[in-house]
Amino acid sequence: MKHAGVGFVKCSPRKPTIARLAGYPIDYVTLRDAGSKSWFPDGPPPIHSYGVTQNGNGLRRRSSDKDDKHHFHDPDPLIEEILNEDYEQEMAAVASTMCAVNPSTLDTIVRKCLCRPKHHLENHTLKRERTLLLALSTVPYCNASTSQWSLLRAFYSAVATFALDDPSLASECPRKGNHWQIVGFQGSDPATDFRGTGILSLIQLYSSVKSLPESKLATIVQLSRNEPNDFPLAVVGINITSMLVTRLRNGDLLE
């Protein structure tokens, strides 16, 4: 089967998979060129020419010029790829709704007594980064984005490794299914949990599991799954992102 210029080979799993155990019909495909395995319930997302992926709102053209003054840099190539897609429309919408931060009377008195400077962003780059973060919180998860799927799948694999009785099953990740509840999402489609904070919460979830040492991540996962401290890990992470977005929008994180 050919798709978007990349060769795919259908093959049958040699052992029961999470998808089959959950009763979710899905084909197991192997990327012949990359030599890696990937799960897509409706086939891989369509990849268009010139670095363009299709999403629900049209096309987002990626910026590939790293010398561009508007290029956002990140040590993780997946995050950098997402940050440099076209969000100008969302950023403009965010900028138009942002108002000046009015400090309280107490805050003004404290600042004057302690001779503390006003907290505002003088640097244009910092202002643009703040606007981008707020814009990302309004961008919905895109089923056609391979980069977003890579982040979501990486989060699942990292958490499921310590949550499943058989860690080897953590690499088998259908797009939809009850297995998402294992890592703390509310239902069978994790995209629905991103509606309040957009793909910013997805980036935050991915970054958290990538930055934590395995021992600490394992401890957190076990705490989230065992009484009396059990909690939905992914949902808690999304709620933390929501609180940070609110504070950033209100100007509380500008210092």
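Throughout, residues of each chain are indexed from 1 in the direction in which the sequence is written. Predicted model: local features are reported for residues with pLDDT of at least 70 only, side-chain atom pairs are reported and counted for 80 or more only, and whole-chain, interface and lining totals are derived from all residues. Side-chain metrics rest on all non-hydrogen atoms present in the structure, leaving aside hydrogens and water.

As annotated in an unreviewed UniProt entry, the protein chain carries the name ELMO domain-containing protein and comes from Ancylostoma ceylanicum.

A. The arrangement of the overall build of the protein chain in detail. Put simply, DSSP marks the helices as runs of H or I at least four residues long and the strands as runs of E at least two long, and each gets a number from the N terminus on. The helix and strand inventory of the protein chain stands at nine helices and seven strands. Throughout, a residue-residue contact means that at least one pair of heavy atoms, one from each residue, lies within 4.5 Å. Sequence separation of 24 or more characterises 62% of the internal contacts of the protein chain that already satisfy a separation of 6 or more. For the area figures, the Shrake-Rupley method with a 1.4 Å probe applies, and any residue is considered shielded solely by the protein chains shown. Counting every atom, the protein chain has about 14,700 Å² of accessible surface; 54% of that belongs to carbon and sulfur.

B. Structural context of unusual backbone geometry. The omega torsion of the bond from glutamate 227 to proline 228 falls at 5 degrees, within 30 degrees of zero and hence cis. Following the sequence through the fold, proline 228 ends up in the loop between α8 (214-225) and α9 (233-250).

C. Quick look at the environment of phenylalanine 155. Mapped onto the fold, phenylalanine 155 is located in helix α6 (residues 146-163). Along the primary structure phenylalanine 155 and lysine 210 are separated by 55 residues, whereas in three dimensions their C-alpha atoms are 8.2 Å apart. Discounting residues that sit within four places of it in the chain, phenylalanine 155 has contacts with Val183, Phe185, Leu205, Tyr206, Val209 and Ala234.

D. Spatial organisation of the pattern of salt bridges. Should a side-chain nitrogen of Lys or Arg be within 4 Å of a carboxyl oxygen of Asp or Glu, the pair is scored as a salt bridge. A full pass over the atoms with the stated rule returns three salt bridges. In this structure, the salt-bridge partner of arginine 175 is aspartate 189, at a minimum N-O distance of 2.7 Å. Separated by 14 residues along the polypeptide, arginine 175 in the loop between α6 and α7 (198-211) and aspartate 189 in the loop between α6 and α7 bring together distant segments of the chain. Across the pair, aspartate 189 and arginine 175 agree in class, each one buried. The shortest N-O distance in the salt bridge between aspartate 189 and lysine 176 comes to 4.0 Å. One end of the pair, aspartate 189, is in the loop between α6 and α7; the other, lysine 176, is in the loop between α6 and α7, with 13 residues separating them in the sequence. Overall, aspartate 189 belongs to the buried group, its relative accessible area being 17%. Accessible area is worked out with a 1.4 Å probe on protein chains only. A residue is then buried under 20% of its type maximum, exposed over 50%, and partly exposed in between. By relative accessible area, which is 35% here, lysine 176 ends up partly exposed. Overlapping salt bridges bring together Arg175, Lys176 and Asp189 as one network.

E. Representation of the packing of aromatic side chains within the structure. Think of it this way: a Phe, Tyr or Trp ring, Trp meaning its six-membered ring, pairs with another when their centres are within 6.5 Å, and the plane angle makes it stacked under 30 degrees, edge-to-face over 60, tilted otherwise. Applying the stated rule across the entire model yields six aromatic pairs. A ring pair is formed by tyrosine 156 and tryptophan 180, whose centres lie 5.2 Å apart and whose planes are at 65 degrees; its orientation type is edge-to-face. Placement of the pair is tyrosine 156 in helix α6 and tryptophan 180 in the loop between α6 and α7, with a sequence separation of 24 residues. A residue is classified by how much of its surface remains accessible, and tryptophan 180, at 0% relative accessible area, is buried.

F. Representation of a nonpolar patch on the surface. For patches, a residue must show more than 30% relative accessible area and have no salt bridge; joins then use 9 Å for like charges and 5 Å for nonpolar side chains, namely Val, Leu, Ile, Met, Phe, Trp and Tyr. A surface patch of nonpolar side chains, about 400 Å² in accessible area, is lined by Val236, Ile240, Met243, Leu244 and Leu253. Relative to the helices and strands, isoleucine 240 resides in helix α9. On the basis of relative accessibility, which here comes to 41%, the residue isoleucine 240 falls in the partly exposed class.

G. Quick peek at the packing of helix α3 (residues 88-97) against helix α5 (residues 124-136). Direction vectors running N to C along α3 and α5 enclose 105 degrees, while the axes themselves pass 8 Å from each other. Of the possible angle classes, the one that applies to α3 and α5 is roughly perpendicular. Between α3 and α5, the residues in contact are Glu88, Glu90, Met91 and Val94 and Arg128, Thr131, Leu132, Leu134 and Ala135, respectively. Residues are sorted three ways: Asp, Glu, Lys and Arg are charged, Ala, Val, Leu, Ile, Met, Phe, Trp, Tyr, Cys and Pro are nonpolar, and all the rest, Gly among them, are polar. Class assignment of the residues belonging to the contact of α3 with α5 gives a composition of five nonpolar, one polar and three charged. In this analysis, axes come from line fits to C-alpha atoms, helices being fitted only over the stretch in contact, and the angle between any two N-to-C directions falls in the range 0 to 180 degrees. Any angle that is under 35 degrees is reported as roughly parallel, and any over 145 degrees as roughly antiparallel; angles of 65 to 115 degrees are reported as roughly perpendicular and all others as oblique.

H. Fine view of the environment of glycine 187. Inspection of the secondary structure puts glycine 187 in the loop between α6 and α7. For the pair formed by glycine 187 and lysine 176, sequence separation is eleven residues and the distance between their alpha carbons is 8.9 Å. With sequence-adjacent residues up to four places away left out, glycine 187 is seen in contact with Gly177, Trp180 and Gln181.

I. Spatial organisation of the side chain of serine 137. Inspection of the secondary structure puts serine 137 in the loop between α5 and α6. Setting aside anything within four residues of it in sequence, one finds serine 137 in contact with Gly196, Thr197, Gly198, Leu200, Val245 and Arg249.

J. Geometry of α3. Taken together, the buried positions of α3 are Glu90, Met91 and Val94. Around the axis of α3, the buried residues are gathered within 100 degrees of arc, so they sit on the same side. What points out from α3, more than 90 degrees from its buried face, is the exposed set Gln89 and Ser96. Taking the helix axis as origin, the arc is that swept by the directions to the C-beta atoms.

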